[in-house]
Amino acid sequence: MLSLQRLYLTIALMALASAASAQTPKPIDPDKRAAALVKQMTPEERNLLLHGYFSRPNKLRATPLPGAPWAAGYTPGIARLGIPALAETDASLGVAWINGKRAQPATALPSSLSLASSWDVKIAYAGSAAIAQDARASGMNVLLAGGTNLTRELRNGRNFEYLGEDPLLSGVMAGETIRAIQDQHVLSTVKHYALNAQETWQNNIAVDIAEAAARESDLLAFEIAIERGNPGAVMCAYNHFNGPYSCGSDMLLNQVLKQDWKYPGFVMSDWGANHATADALAGLDRESGQEFDSQVYFGAPLAALDGKDAAYTARITDMNQRILRSMAAVGLFEDPPKVGAPDIARGEAAARAEAAAGTVLLKNNGVLPLAKGAKKILVVGGYANIGVMSGGGSSQVAPAGGPALSIPTTYAADDWMATVLHPGAPAKAIAARAGAAARVTFDNGQYPAFAATKAKDADIVIVFATQWTSEGMDVPDLSLPGNQNELIAAIAAANPRTVVVLETGGPVTMPWLDKTAAVLEAWYPGIKGAEAIADILFGDVNPSGHLPITFPASLDQTPRPNLDGLYDTDPGKLRVNYDIEGSDVGYRWYARKSLTPLFAFGHGLSYTTFRYDDLILRSEGNVLRATFTVTNTGTRQGRDTPQVYVTARGKMKGQRLIGWGNVDLAPGASQKITVEADPRLLADWLTPRHRWLLPAGRYDVTVNSSAVSPQLNASTALETRLLPP
Ligand code: BGC
């Protein structure tokens, strides 16, 4: 039987398949094509693709260039050579709304943390292909997507744009989103390269981390995403990396990305992240949103060096080659975007499947799924009578019909950080499911004592709690803002049948947890969030999301309990020491410190139960393979994500995710799963030898239902090995 969640995924994928069949084949040799074009360029043309314009109304630019759409970026093409313009839109969650200026609607996907909670590459593909088709319908051929920064700072206002704390999960999911976008002939970035983990003093912060730790964590996430997705561009980040700015880092750009990973595409700066013409020599290929930089470094100053300085001349040839190579490889020459009405239904089907798969049931004492016969349902708070929360900043999307509510953050007309609720009121979706015999009422939760009085009288109370986060700021702590903790505590004290639905940018603390009956983490659930939440509450969809990020008991458990720079007034001095945790990001830090989190990485409940059996572990050369069986031991169809971790390598203890399975099982059914570990996940980066080394000895492996819940274990021996370069 096809579950409802799978049904929406199937609809989205079928729509894509029919759209894809109309597409033209990719051109053959992008390198040769690019080289031929570069050869034909006049000296003046050699500078045109190397610096892009900001293309939207604000204080920096009142109108876009002639012919350019409202967008994040625009680089005019060269008509004489048949080179199309690059029209660049944000971002990973859909075609950005440009402060409400874009007339065309677009699919608002759930947050990337929601996507990562699905642990499902098919879900990733369907959603990102849909937004790429929206981008084409808006006349865009570049999506500034592929947010891949690991969560090192839980208060980071942009965590919702990223895929959590694990390099394998982040890399695989990001790679799949990029692959999906580019299959639609829209060039995708992967961003923000690298270690760009907080917004406070984002433009000035100096990040320090040992090379080996970076290679085994954040850089590995990018490496995997790039291998899997082949993004046309890498967007370098705002922060300094071990000294220089990321966009001027020879180490990050020339050495790691281009030499070690053999990346053939181009590096574009983040908007305002280019600080010198010499960044070209460090490996930066394109200055973006040039109005944001203190001067246009890659315009006249770079052109003046062409033909006069051998190093710059060679680089300018290479910069053009890389940009054109990516454009050709992705199919931008043959298949330009066609402006038209986007296929809203297809996008919404993908968004709904994603929200259903990404919602995580954190706690359930049996109250969920709700019995259809409940008579008096009280819905409280979280704007649940209006819509669902979304994250602010450049990634903000305006769905069909515009926002359900937009609360300005500033008094400026150009308010890029507004608090936006997407349409679809959860209270209405709940009322529709509850049936004619039920009475569903709503209280906005402003006065906890008042709401608690109403709660006493209800059969069930569903409290919605929201945490708005945004690019441009971090949150000061992990408490739900305003009076929401007080509200939930008061309601739970009045009625033990209290279900909490969280719409948050990332982890929050839950001082009321013990008093509640169930907790659902819906993240920012996107345009079909209300439906997806109601589907899960009433059991039309069996929840299957698993956390891609650890929820700490308190910030004291994290490597940096105080947020770096939050109260500093001198950003020039700001340094963040990532060597505290090194490559032990997230659950690996908790394992190392023997800390018990509130909810562990990988945690997620279902309305059915699963059992794991018969683990067989084999090693062949560098490859470690785990095979085991999953059985649905409950009474409902359900989807599970068993996770495989290595917990000891040779003499070293330490936990690393090495793979996972996705199974959809009917009650009583079993399925065999094989997970093959990428050898880099078993290895250590040896900086002096510039290679990955597998230590010799026994490797202990567990099969878990979360990072802290091993169900099976086995060991095998591996010989010491240097992995090929
Ligand atoms: C963000 C990028 C975004 C760019 C263009 C920057 O502020 O960091 O993620 O793609 O703006 O809007």
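Up top is the structure these notes are about.
Reference entry: report on the structure contained in this document.

What counts, and at which threshold
Residues numbered from 1 in each chain as written. Predicted model: local features only at pLDDT ≥ 70, side-chain atom pairs only at ≥ 80, totals over all residues. Heavy atoms only, no water. Near = heavy atom within 4 Å. Polar contact = N/O pair within 3.5 Å; in protein donor to acceptor, adjacent residues only side chain to side chain. Pairing = 2+ DSSP bridges. Helix = DSSP H or I, 4+ residues; strand = E, 2+ residues; numbered from the N terminus. Axes fitted to C-alpha atoms, helices over the stretch in contact; angles between N-to-C directions. Contact = heavy atoms within 4.5 Å.

Turning next to the site of the ligand. Residues in contact with the ligand, as listed here, are Ala-72, Asp-90, Leu-144, Arg-158, Lys-191, His-192, Met-235, Tyr-238, Asp-270, Trp-271, Ser-394 and Glu-471. Take Tyr-238: an N or O atom from its side chain is 3.0 Å from an oxygen atom of the ligand. The contact in question runs from an oxygen atom of the ligand to an N or O atom on the side chain of Asp-270, over 2.7 Å.

The six strands lie next to each other as 10-18-17-16-11-15, forming an open sheet whose pairing is mixed. If you trace the sheet from one side to the other, it starts and ends with strand 10 (360–364) and strand 15 (439–443), each paired once. Going across the sheet, the axis of each strand differs from the next one's by a mean of 15 degrees, ignoring polarity. Taken together, the five bridges between strand 11 (residues 376–380) and strand 15 define a ladder with parallel strand orientation. In the sheet register, Ile-377 faces strand 15, and the bridge partner there is Val-440. Strand contacts of helix 16 (residues 529–537): strand 16 (460–467), strand 17 (498–504) and strand 18 (518–521), with the helix running at about 150 degrees to strand 17, the strand carrying the most contacts.

With that out of the way, let us pick up the sheet that holds strand 14 (residues 419–423). Across the sheet, three strands lie side by side as 12-14-13; this open sheet has antiparallel pairing. Edge strands, defined here as strands with exactly one partner in the open sheet, are strand 12 (387–389) and strand 13 (405–407). Between one strand axis and the next, the sheet turns through 25 degrees on average, direction left out of account. Note: strand 12 against strand 14, three bridges, orientation antiparallel. For Val-388, the partnering residue across the bridge sits in strand 14 and is His-422.

Nothing here speaks to function; it is geometry throughout.
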